[in-house]
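# Working through the structure, step by step
Next come the chains, spelled out residue by residue.
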Amino acid sequence: MEDCTLLFFNDESATGVKGDTMTMMKAVVMYEAGGPEVLKVESREVPVPKKGEVLIRVKAFGLNRSELFTRQGHSPNVKLPRVLGIEAVGLVESSPGGEFNGGDTVATAMGGMGREFDGGYAEYTCVPVGQVQRLTTTLAWEVLGAVPEMLQTAWGSLFKSLRLVKGETLLVRGGTTSVGLAAAAIARNYGAKVLSTTRNADRAELLRESGADEVVIDSGSIDGDVRKLYPDGVDKVLELIGTTTLKDSLRCAKQGGIVCMTGIVGNKWSFEDFAPMEAIPTAVCLTSYAGESEDFMSMPLQKLVEQIEAGTLRVQVGKVFQLDEIVEAHRVMEENKAGGKIVVLT
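Let us look at the structure shown here. Remember, predicted model here, so these are calculated numbers, not experimental data.

Rules used in this analysis
Residues numbered from 1 in each chain as written. Predicted model: local features only at pLDDT ≥ 70, side-chain atom pairs only at ≥ 80, totals over all residues. Heavy atoms only, no water. Phe/Tyr/Trp six-rings, centres within 6.5 Å; stacked < 30°, edge-to-face > 60°. Helix = DSSP H or I, 4+ residues; strand = E, 2+ residues; numbered from the N terminus. Buried < 20%, exposed > 50% of the residue type's maximum accessible area, 1.4 Å probe, protein only. Lys NZ or Arg CZ within 6 Å of the ring centre and 35° of its normal. Contact = heavy atoms within 4.5 Å. Axes fitted to C-alpha atoms, helices over the stretch in contact; angles between N-to-C directions. Parallel < 35°, antiparallel > 145°, perpendicular 65-115°, else oblique. Core = buried A, V, L, I, M, F, W, Y, C linked by side-chain atoms within 4.5 Å. Disulfide = S-S within 2.5 Å. Pairing = 2+ DSSP bridges. Left-handed = near helix turned anticlockwise from the far one by under 90°. Nonpolar A, V, L, I, M, F, W, Y, C, P; charged D, E, K, R; others polar.

What follows concerns the packing of aromatic side chains. Where two aromatic rings form a pair, the distance of their centres and the angle of their planes describe that pair. Summed over all chains, the structure comprises three aromatic pairs. Aromatic pair Phe61 and Tyr121: ring centres 4.7 Å apart, planes at 20°, arrangement stacked. A residue pair is termed long-range when its members are at least 10 positions apart, and Phe61 in strand β5 (residues 53-62) and Tyr121 in the loop between β8 (105-109) and β9 (124-128) qualify at 60 residues. Judged by its relative accessible area of 0%, Tyr121 is buried. Ring geometry for Phe159 against Tyr190: centres 4.8 Å apart, planes inclined by 70°, an arrangement best described as edge-to-face. Note that Phe159 is positioned in helix α3 (residues 148-161) and Tyr190 in helix α4 (residues 178-190), a separation of 31 residues in sequence. Members of the aromatic cluster, each reached through a chain of ring pairs, are Trp155, Phe159 and Tyr190. One cation-aromatic arrangement involves Lys166 over Tyr190; the distance from NZ or CZ to the ring centre is 5.6 Å.

Before going further, it helps to spend a moment on the environment of Phe296. With respect to the helices, strands and loops of the structure, Phe296 is situated in helix α9 (residues 293-298). Along the sequence, Phe296 and Thr108 sit 188 residues apart, while their C-alpha atoms lie 8.0 Å from each other. Apart from the residues within four sequence positions on either side, Phe296 is in contact with Ala107, Thr108, Ala109, Gln131, Gln133, Pro148, Gln152 and Leu301.

On to the packing of helix α1 (residues 65-72) against helix α11 (residues 326-334). α11 packs onto α1 with a crossing angle of 105° between their chain directions and a minimal axis gap of 10 Å. Considering their axes alone, α1 and α11 lie roughly perpendicular with respect to each other. Residues Arg65, Glu67, Leu68, Arg71 and Gln72 of α1 form the contact with α11, whose participating residues are His330, Met333 and Glu334.

Let's shift gears to the nonpolar core. With 56 residues, the main nonpolar core has Phe61, Leu63, Tyr121, Leu171, Ile326, Ile342 and Val344 as its most contacted residues. In this structure, Ile342 is in contact with Phe61, Gly62, Leu63, Lys319, Phe321, Ala329, Val332 and Met333, ignoring residues within four places of it in sequence. Listed in part, the 43 residues of the second largest apolar core include Val89, Leu158, Met299 and Leu345.

On inspection of all chains with the given rule, the structure shows zero disulfides. Cys252 forms no disulfide, and the closest cysteine sulfur to it belongs to Cys260, at a distance of 15 Å. Exposure remark for Cys252: the relative accessible area of 0% places this residue in the buried category. The thiol of Cys260 is not disulfide-bonded; the next cysteine sulfur, from Cys285, is found 12 Å away.

What follows deals with the sheet that holds strand β3 (residues 39-45). Here we have three strands laid out as an open sheet, ordered β3-β2-β6, and antiparallel in their pairing. Looking at the sheet topology across the chains shown, the edges are occupied by β3 and β6 (82-83). Pairing geometry for strand β2 (residues 24-30) and β3, over seven bridges, is antiparallel. For Met30, the partnering residue across the bridge sits in β3 and is Leu39.

Turning next to the pairing of β2. The buried fraction of β2 amounts to five of the seven residues, a majority that puts the element mostly inside the structure. Where β2 and β6 come together, two bridges link them in antiparallel fashion. Bridged to Val29 within β6 is Val83.

The next point concerns the pairing of strand β7 (residues 87-94). Bridge count between β5 and β7: five bridges; the pairing is antiparallel. Its bridge partner being in β7, Leu55 is matched across the sheet by Ser94. Sheet topology places β7 next to β8; five bridges connect them, and they run antiparallel. Residue pairing for β8: Leu91 is matched across the bridge by Thr105.

Bringing the packing of α3 against α4 into the picture now. The interhelical angle for the contact between α3 and α4, taken along N-to-C directions, is 55°, at an axis separation of 9 Å. In terms of orientation, α3 and α4 fall into the oblique class. Considering the relative orientation of α3 and α4, their crossing is right-handed. Here α3 contributes Met150, Leu151, Thr153, Ala154, Trp155, Leu158 and Phe159 to the contact with α4, which in turn contributes Ser178, Val179, Ala182, Ala183, Ile186, Ala187 and Tyr190. For the contact of α3 with α4, the residue count by class is 12 nonpolar, two polar and no charged.

Okay, structure coming up:
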């Protein structure tokens, strides 16, 4: 998708100014890779949607580690300058094709947001209609803003890649991450038996409150602890830490089990030495999950939002920032100090 063209107003309907002057918005723009300080809050012209696109007045967006990696320079295909942000929630401002009504509450994620075209780190974002879900909800923006990418990743990992079945045992490696907490809650509601890991024993109660039946303190090598609970191993493993623990996670799965690598919170992208015949146990399957806009659209987001409203699905919001605080928000994400999903309000 090409970046949207520019929108002119003759009123004061956005952040803009009166008369024939182009209406402006706040946006976070990245011109070069580096630390959090490379994220610059500046005024930009509000984009205008063409047919097949939707202009969303962004009310909130969650922060994601893929955005951190892009900011650090690990996404060479992202052309700069760029407004980052692979998700957003807000209100429909304009839908030229009539697919949505003005004022509809919507959520969007993936599909090239913040990578191929400007994303959610702004007061307005322009996205294809095929990656937008309409929602009916009374959730506060800081809660709804935590939801799209987090639940898409958790749901897709569990049911597309891991093919989770009711009654199975699930190990969530990296249980205190926002996706780990969401995955545990969804899996428990679905009827799975959930084990979640944490390096900090003080977080054990949080994991239990979020859906874990058992908590394993992660020393870096937990296959022995897991097999004390389940001598044959677990049915499914959701790996959210990455290559630093993947070999150990593979040893936690039973024959016929599946291990899905979804996260890289360990900040290590690849193995220095990987011998598949040694690392992958007999009859254990290794897969991954990345998630695209079609996965977001196939997720039952409205039902999950209703579960959040009913209190049966817990969403752990860690910290909430304003758009002008984006540098500090990224610093907190990079230092893993949020204790849940980081949400930015516009």
